[in-house]
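Secondary and tertiary structure notes
Listed below are the residues making up each chain.
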Amino acid sequence: MTQPSGPCTVAILAGGMGTRLKVRTGNLPKPMAPIHGRPVLQHQIELCRRHGFTRIALLVHYEHETIRAHFGDGSAFGVELHYCVEGEARGTAGALVDALGAMDRRFLVLYGDTFADVDLSALWRHHSDAEAAATLLLHPNDHPHDSDLVEVDDQGRVLAVHAYPHPDGAAYRNLVNAAMYVMERDALPGVIPLDRKSDLAKHTFPAMLEKGLRLQAHVTPEYIKDMGTPERLDKVERDITAGLPERLSGRNPRRAVFLDRDGTLNVEVNHLSRPDQLQLIPGVGDAVRRLNRAGVLAVGVTNQPVVARGDVTWSELERIHAVLDHQLGASKAYLDRMYLCPHHPDKGFPGEVPALKIDCDCRKPRTGMIDRAVRELSIDRGQSWMIGDTTGDLLAGQRAGLRTVLVRTGHAGLDAKYDVEADYVMPDLSAAVHWILDGHPTLSRRLLPVSAAAASARLVLIAGPARAGKSSTARLLAEQLRDARTAVHVLSLDGWLRQAGERVEGSGVLQRYDLQAFKAALLPVLASNVRHLVQVPTYARKSREVLPGRQVSIGPEDLVIVEGVPALMDPELNALADVRVFLDLPDTERRSRLSADYLWRGENDADLQHRLDSRERDEIPVVRASASQATHHLSTTTSLS
């Protein structure tokens, strides 16, 4: 059989028996297990060829004749194959050392039981630039507790390999050895024993570190999965069908959700400084896992002035983030990357670190962390989001060109440091992720007829029961129309609620609003052909206060969207609006949302039922009666929270 024209630049470890796969594959060797009709080894060979690696050594053992019969000399697949047959199985390191005579001085190592869609050229370049003895491809995964985890420094240098099983109580960063490497041939003699079985991950790399050799990490969100069990094989096939490898590949800019840490992922404790203080907010693990499974990068961006203040050392902060990774891993979830700002501009703390007391460009609301992530992870800003609990999070997201979601956990936006409004407001991270993945795209489709009708309108009214999703609908409609209109303004009638002491429960929904004051502000604008400044008050839902708000400049060509419970109850407004939308939702869901809102505001259980019953009597019948004025009806569901 024809041999490669030169030394091999790829070694594929293809000697596995596939014992756990025998129920599916019978006596086939593991690398021949089919994925969508082609052996996984064929997928790997095609991956190598796409990236220009065509001289490949197959390190085979069990049923190697079957592999040779399928692939031959590789010419049918556009590559040159060399077979290194291992007489006695001696582990991954033993198989590799036996094949070194066929390898080039620098070569790739792939495992024959993984499916990968990885930029091999980028991995190769990273290794060349690092001048390392070996470069390990690392990624976070959804089962770090039974994976080999790798510890790296801030320069990407490997410090330690923590092989599975891990000691009881241990928490490590979720950086998993993905079983793909670039290696220097001359670094291997002396670190692989010749007289016994040995494993690259568990034995060779620790031996190289002990010898003082440099190991480099190449961390990537790209898709690479072990398919060595029937369950994992099925999962890989489902992922391919769903397009997950393609979305993570980086061939096109990736979608991402940027996540604040304290108050968004974990409970806010005010300057968290110890690992035992970190506690995930309920539902966070499942929410992050939903992003992972959707192929949307989950990227942490967190201000950590505790480092500059001297409250936490770098190593202590690393332990805190190891606990964060560990707790997320318990829900089979992970962050694709964590970016942090250690700086703090103010001085005067007893143990502060002078070098970090600077006015930097990474501390939110500045965009340095987001900008860096966009560069390093090839992120599409226009398709990405920022979720946080402070106005600094929101302002950073908006400055960076992201859609923003405020969650009502942590500070819930009540810090009031910056004059900024979220694009959307959700109760917690679970609801925010649900909105991003389900609610926003679903409602976008449903709103297309409304958008078409509103393209030339002057006034749009959006009404419905409390917590039906009017605010999100109004903001999404504005989002759809901004490219087609000079300007779009969303006015919430909650800004014209009477002050809390003037709102008597049970007096009727219209008695709670000062619609005359609202019309006095808006109607002159709608009748004018010049620009007007309108004072738009805001409603602080937590405290139930109406605040002065801000001035908004509204021109004669601008679209005004008015949303609120009584938006369709005023005949004069109805007569002026060409587009009138009514939202409704099932009673069970409506009451659940309303209950959660009252509890968030501190309502006690005794008063809660009274308020809910009062709303049923004096609001729901009259609000639903106003649906007769609508030109468009939308029935919302749990996907539109």
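The notes below deal with the structure included here. (Residues numbered from 1 in each chain as written. Predicted model: local features only at pLDDT ≥ 70, side-chain atom pairs only at ≥ 80, totals over all residues. Heavy atoms only, no water.)

Quick word on the sheet that holds strand E16 (residues 337–341)
Condition: A pair of strands counts as paired when DSSP detects no fewer than two bridges linking them. By definition, any uninterrupted DSSP run of H or I lasting at least four residues is a helix, any uninterrupted run of E lasting at least two residues is a strand, and each is numbered from the N terminus. Axis angles are defined between N-to-C directions and span 0 to 180 degrees, where every axis is a line fitted to C-alpha atoms and, for a helix, only to the segment in contact. Contact criterion: two residues are considered in contact whenever any of their non-hydrogen atoms come within 4.5 Å of each other.
Strands sit in the order E16-E15-E14-E17-E18-E19 across an open sheet of six strands; the sheet is parallel. What marks the edges here is a single partner per strand, and that holds for E16 and strand E19 (424–426). Going across the sheet, the axis of each strand differs from the next one's by a mean of 25 degrees, ignoring polarity. Pairing between strand E15 (residues 297–303) and E16: five bridges, direction parallel. If you follow Thr-302 over to E16, its bridge partner there is Leu-340. Along the sheet, helix H12 (residues 368–377) contacts strand E14 (256–259), E15, E16 and strand E17 (385–388); its crossing angle with E16, the most-contacted strand, is approximately 150 degrees.

Structural notes on the packing of aromatic side chains
What counts is decided by this rule: Any two rings among Phe, Tyr and Trp, with Trp reduced to its six-membered ring, count as a pair given centres within 6.5 Å; such a pair is stacked if its planes are under 30 degrees apart, edge-to-face if over 60, and tilted if neither. Buried means the residue's accessible area, taken with a 1.4 Å probe over protein chains only, is under 20% of the maximum for its type, while exposed means over 50%, and partly exposed covers the values in between.
Summed over all chains, the structure comprises eight aromatic pairs. Judged by centre distance (5.1 Å) and plane angle (55 degrees), the ring pair of Phe-53 and Trp-124 falls under tilted. With Phe-53 in the loop between helix H2 (40–50) and strand E4 (55–60) and Trp-124 in helix H5 (residues 120–130), this pair connects stretches of sequence that are 71 residues apart. Its relative accessible area of 8% is what places Phe-53 among the buried residues.

A look at helix H13 (residues 391–399)
Of all the nine residues making up H13, seven are buried; the element is thus mostly covered by neighbouring parts of the structure. Here H13 has its buried residues at Thr-391, Gly-392, Asp-393, Leu-394, Leu-395, Ala-396 and Gly-397. At its buried positions, H13 is contacted by H12, E17 and strand E18 (403–407). Downstream of H13 by a residue or two, Gly-401 has a phi angle that is positive, lying close to 85 degrees.

Considerations on the nonpolar core
Stated formally: Among buried residues, the Ala, Val, Leu, Ile, Met, Phe, Trp, Tyr and Cys ones that are joined through side-chain atoms within 4.5 Å form a nonpolar core.
Judged by nonpolar contacts, the single largest core of 54 residues is most densely connected at Leu-259, Val-288, Leu-335, Ile-387, Leu-429, Val-460 and Ile-561. When residues of this core are assigned to their parent elements, the largest contribution, eight residues, is made by helix H14 (residues 429–446). What Leu-335 contacts, discounting residues up to four positions off in sequence, is Pro-140, Leu-259, Leu-265, Val-288, Ala-298, Leu-324 and Leu-328. Ala-57, Val-158, Ala-201 and Met-208 belong to the second-largest nonpolar core, a separate cluster that totals 39 residues.

Thoughts on the pairing of strand E12 (residues 215–219)
The element E12 is largely enclosed, with a buried count of four among its five residues. In this sheet, E12 lies alongside strand E8 (residues 134–139) in parallel orientation, the contact comprising five bridges. Bridge assignment links Ala-134 to a residue of E12, and that residue is Leu-215.

Comments concerning the pattern of salt bridges
Rule in force here: Take a side-chain nitrogen of Lys or Arg and a carboxyl oxygen of Asp or Glu: if they are within 4 Å of each other, that pair is a salt bridge.
Inspection of every chain in the model, using the stated rule, returns 48 salt bridges. Taking the shortest distance from any N to any O, the salt bridge between Arg-173 and Glu-318 comes out at 3.4 Å. Here Arg-173, found in the loop between strand E10 (158–162) and strand E11 (176–184), pairs with Glu-318, found in helix H11 (residues 314–329); they are 145 residues apart in sequence, far enough to count as distant. Classification of Glu-318 as partly exposed rests on a relative accessible area of 35%. With a shortest N-O distance of 3.5 Å, Asp-597 and Arg-541 are connected by a salt bridge. Here Arg-541 lies in the loop between strand E22 (532–540) and strand E23 (545–554) and Asp-597 lies in helix H19 (residues 587–600), a separation of 56 residues in the sequence. The class of Asp-597 is buried, set by a relative accessible area of 5%.

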